[in-house]
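# A look at the structure
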Amino acid sequence: MMLKKKFRPMAVILIFMSLLLVLGACGNANNNEPESPENAGEMDHGNMEHTGSGEVPKGLKEAKNPTYGVGTQAIIESDHMAGMKGATAKIVGAYDTTVYTISYTPTNGGEVVKNHKWVIHEELQNAGEAPLKPGTEVVVNADHMEGMKGATAEIDSAEKTTVYMVDFTPTTGGEEVKNHQWVTESELSPVK
């Protein structure tokens, strides 16, 4: 004998709606919050290009007597991204230039990125003579972060210094970051 089940459309709709609510809640998980309150409204480097090609912009000059020579090690004192502060860096390039913090709206949309560290003079389109003054509007040729290349930016600060390209393994674990651009001399300390 065959039993007939009554089709209950309301039950199916309720199950379907419950499933949509659960999936919708999972899909709204958001990792775009600043890492800490002191960084609120400033840099969010979640979409930073951690490992680079090692290519340097045209016109960038190698430092003649850098504090940290190519092939040496130093401790990173900055926290541009998670796992950077306290990591041991291998110096793979040292260059004398002007570094800038900039604020810009990404070309792919999204909120304004404030006080991004660092873009160097040679990564700015038609920059002319360095240093540029805070408030100067520039177009960025660097692609350190998604939506950065081609963005119009405002210079927040400028400093003439030695910048370093470094390899390091994050203190949080994970793969080695290669050719990270840029760390300034003041963001490094000697290995003890």
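The paragraphs below set out a description of the structure included in this document. (Residues numbered from 1 in each chain as written. Predicted model: local features only at pLDDT ≥ 70, side-chain atom pairs only at ≥ 80, totals over all residues. Heavy atoms only, no water.)

### Things to note about the overall build of the chain
Along the chain, the regular secondary structure elements total one helix and eight strands. Starting at the N terminus and ending at the C terminus, the chain contains elements arranged as α-β-β-β-β-β-β-β-β. Relative to its full complement of 192 residues, the chain shows a buried share of 37%. Residue pairs in contact within the chain that sit at least 24 positions apart in sequence constitute 62% of those at least 6 positions apart. (Helix = DSSP H or I, 4+ residues; strand = E, 2+ residues; numbered from the N terminus. Buried < 20%, exposed > 50% of the residue type's maximum accessible area, 1.4 Å probe, protein only. Contact = heavy atoms within 4.5 Å.)

### A look at the pattern of salt bridges
Applying the stated criterion across every chain yields a total of two salt bridges. Note that D167 and K178 form a salt bridge whose closest N and O atoms lie 3.5 Å from each other. Of this pair, D167 sits in strand 6 (residues 152-168) while K178 sits in strand 7 (residues 177-184), and the two are eleven residues apart along the sequence. Note on D167: relative accessible area 6%, which makes it buried. You can call K178 partly exposed: its relative accessible area is 36%. A salt bridge links E176 to K178; the nearest nitrogen and oxygen atoms lie 3.5 Å apart. Members of the salt-bridge network, linked through shared partners, are D167, E176 and K178. (Salt bridge = Lys/Arg side-chain N within 4 Å of Asp/Glu carboxyl O.)

### Description of the packing of aromatic side chains
Per the stated rule, a full pass over the model turns up two aromatic pairs. Seen in terms of ring centroids, Y68 and Y164 are 5.8 Å apart; in terms of plane orientation they differ by 75°. Their pairing is edge-to-face. Here Y68, found in the loop between strand 1 (61-62) and strand 2 (73-76), pairs with Y164, found in strand 6; they are 96 residues apart in sequence, far enough to count as distant. With respect to burial, Y68 and Y164 carry one shared label: buried. With centroids separated by 5.9 Å and ring planes inclined at 80°, the aromatic side chains of Y95 and W182 adopt a geometry described as edge-to-face. In this pair, Y95 is assigned in strand 3 (residues 88-104) and W182 in strand 7, connecting sequence segments 87 residues apart. Just as Y95 is buried, W182 falls in that class too. (Phe/Tyr/Trp six-rings, centres within 6.5 Å; stacked < 30°, edge-to-face > 60°.)

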